Amino acid sequence: MKTRIAEKFQSLFQTEGEFFASAGRINLIGEHTDYNGGFVFPGAIDKGMIAEIKLNGTATVRAFALDLDEYCEFGLNEEDAPSQGWARYIFGVCREIQKRGGVIAGFDTVFAGDVPLGAGMSSSAALESTFAFALNELFNLGIDKFELARIGQSTEHNYVGVKCGIMDQFASVFGKAGHLMRLDCRSMEFEYFPFAPDQNGYKVVLLNSCVKHELVGSPYNDRRNSCERVAKVLGQEFLRGATMEQLEAVKDQISEEDYLRARYVIGEEKRVLDVCEALQKGDYETVGARMYETHWGMSKDYEVSCEELDFLATVAKECGVTGSRIMGGGFGGCTINLVKEELYDNFIATAKAAFAEKYGHEPIEIPVVISDGARKLA
Ligand code: GLA
């Protein structure tokens, strides 16, 4: 990928820049908890974005998206917002840096990625973090890593229209090979957890249903609104910390739908903590059991699954897979599966065949390798 980027950069700009990269992410458990002030448990993966960048001495950004074969030029003022979706991410990062007092100028860039788009693996966070990290280095801005993550998140809020939490950008900035991170999205304290399922006889694999999820204009923001309404009725800033008893006590003051959304979120908080504890003991059975609970909570109460993902989780269960669930924002994308090594081949073959028979195409198998987050490449 780097070679292809370098060739294009040379042919477009007749020079060489520096290379930066960032990662997509998985999340073992803790879904739709981030904007509720709860816990998440993600890790960066070996798939992400790479960008070659060089300052060009003008006030214009000249960007080429290699995967889409599209070029775009834009200025750095608010009224210069480009119309292409992908360019808005880069523009948003520039603007959010400027809003924080960072002085930046024009640059040339060619970038490409290998995170499947719309698969719930945070391709957009990888793009944001690559540019936030790179511009921080290239312009010596001295922005700390949390703020780099927030720059990506604000880009989503203000330039893309997704009121996302901080998980994806946090994971792609802070990711560390061989480790998951438990982040408390209220205090922003986090801890690295070594994650080596292979040493315990397990594999982690994603199955991409190839049902494209599109969080922009999707019910993602509606879910967030439901949670905020219930938190307000409970007199809290976030749903974090609320109990099922408290929820039951206000049941007649909220809609049935909001009740179900909150029930899922409150349950999920405990599941994340259970999983972290189980992982430390090497108790993968508990990890897997909670993953299934999350899946069906996301499907029935939070209603962010789809038929294809429910099908994949069901097939996983039938194949004896330890844990399986929808991953990420929902409405399509992947399941994440924790599978005993000896069951792996049979599971993958069965899931592919059964899915293809029902939906006309196979799900794509993506083995998970937990890797480093945002960085400069040599
Ligand atoms: C998307 C958002 C995240 C998070 C997840 C669900 O990936 O970007 O902030 O809310 O959905 O856990």
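Note that the structure is predicted; figures quoted are calculated from it, not measured. (Residues numbered from 1 in each chain as written. Predicted model: local features only at pLDDT ≥ 70, side-chain atom pairs only at ≥ 80, totals over all residues. Heavy atoms only, no water.)

(A) Region of interest: the overall build of the chain. Within the chain, the regular secondary structure consists of 11 helices and 13 strands. Here the C-alpha atoms of the chain give a radius of gyration of 21 Å, agreeing with the 21 Å that 2.2 N^0.38 yields for 378 residues. Seen through its C-alpha atoms, the chain measures out along the principal axes to roughly 60 × 50 × 40 Å. Among the 378 residues that make up the chain, the fraction classed as buried is 59%. Look at the contacts in the chain between residues 6 or more apart in sequence, and 71% of them connect residues 24 or more apart. Separation between the mean location of the 39 positive side-chain charges and that of the 57 negative ones in the chain comes to 2 Å. (Helix = DSSP H or I, 4+ residues; strand = E, 2+ residues; numbered from the N terminus. Rg over C-alpha atoms; globule rule 2.2 N^0.38 Å. Buried < 20%, exposed > 50% of the residue type's maximum accessible area, 1.4 Å probe, protein only. Contact = heavy atoms within 4.5 Å. Lys, Arg positive; Asp, Glu negative; His and termini not counted. Charge placed at Lys NZ, Arg CZ, Asp CG, Glu CD.)

(B) Region of interest: the site of the ligand. Close to the ligand lie 13 residues, the nearest being Glu 31, His 32, Asp 34, Asp 168 and Tyr 220. Within the backbone of Gly 165, an N or O atom sits 2.9 Å from an oxygen atom of the ligand. Within the contact set of the ligand, an oxygen atom lies 3.3 Å away from a backbone nitrogen or oxygen of Gly 329. Formed jointly, the shell around the ligand draws a minimum of three residues from each of two domains, domain 1 (2-194 + 372-377) and domain 2 (197-367). (Near = heavy atom within 4 Å. Polar contact = N/O pair within 3.5 Å; in protein donor to acceptor, adjacent residues only side chain to side chain. Domains from an automatic or database assignment.)

(C) Just the nonpolar core, in detail. Residues Phe 111, Phe 131 and Phe 347 are the most contacted members of the largest nonpolar core, which totals 90 residues. Lining this core are residues from two domains, each supplying at least three of them: domain 1 (2-194 + 372-377) and domain 2 (197-367). Among residues more than four places away in sequence, those in contact with Phe 131 are Ala 51, Ile 53, Ile 90, Val 93, Phe 107, Thr 109 and Phe 111. Grouped together as the second largest cluster of nonpolar side chains are 30 residues, Leu 28, Leu 180, Phe 193 and Tyr 202 included. (Core = buried A, V, L, I, M, F, W, Y, C linked by side-chain atoms within 4.5 Å.)

(D) Examining the packing of helix α4 (residues 145-160) against helix α5 (residues 167-174) more closely. With their axes 8 Å apart at the nearest point, α4 and α5 run at an angle of 140 degrees to one another. In terms of axis orientation, α4 runs oblique to α5. Remark: the crossing between α4 and α5 carries right-handed chirality. Contacts between α4 and α5 involve Lys 145, Phe 146, Leu 148, Ala 149, Gly 152, Gln 153 and Glu 156 from the first element and Gln 169, Phe 170, Val 173 and Phe 174 from the second. Among the residues making up the contact of α4 with α5, the classes are represented as 6 nonpolar, 3 polar and 2 charged. (Axes fitted to C-alpha atoms, helices over the stretch in contact; angles between N-to-C directions. Parallel < 35°, antiparallel > 145°, perpendicular 65-115°, else oblique. Left-handed = near helix turned anticlockwise from the far one by under 90°. Nonpolar A, V, L, I, M, F, W, Y, C, P; charged D, E, K, R; others polar.)

(E) Local environment of the domain arrangement of the chain. Under the domain assignment used here, the chain contains domain 1 (2-194 + 372-377) and domain 2 (197-367). On a C-alpha basis, the centroid separation for the pair domain 1 and domain 2 is 25 Å. Counting from both sides, the interface comprises 37 residues of domain 1 and, opposite them, 42 residues of domain 2. Contact with domain 2 buries surface across domain 1, with Ile 29, His 32 and Tyr 35 losing the most and accounting together for 21% of the total. Inspection of the domain 1/domain 2 interface yields 2 salt bridges. A salt bridge links Asp 184 to Arg 240; the nearest nitrogen and oxygen atoms lie 2.9 Å apart. Taken together, the links from domain 1 to domain 2 amount to 18 residue pairs in polar contact (both at pLDDT 80 or more). Contributing elements (two or more residues each) for the side of domain 1 that touches domain 2: β1 (18-27), β2 (39-40), α4, β7 (179-184) and β8 (190-194). For the side of domain 1 that touches domain 2, a count of residues per class yields 16 nonpolar, 12 polar and 9 charged. (Buried area = accessible area lost by both parts, 1.4 Å probe. Salt bridge = Lys/Arg side-chain N within 4 Å of Asp/Glu carboxyl O.)

(F) Here's a closer look at the pairing of strand β9 (residues 202-208). Most of β9 sits out of view: 6 of its 7 residues are buried. The pairing of β9 with strand β11 (residues 334-340) spans 7 bridges and is antiparallel. Among the inter-strand pairings, Tyr 202 is bridged to a residue of β11, identified as Lys 340. Bridge count between β9 and strand β12 (residues 364-367): 4 bridges; the pairing is antiparallel. Following the sheet pairing, Leu 207 is matched in β12 by Glu 365. (Pairing = 2+ DSSP bridges.)

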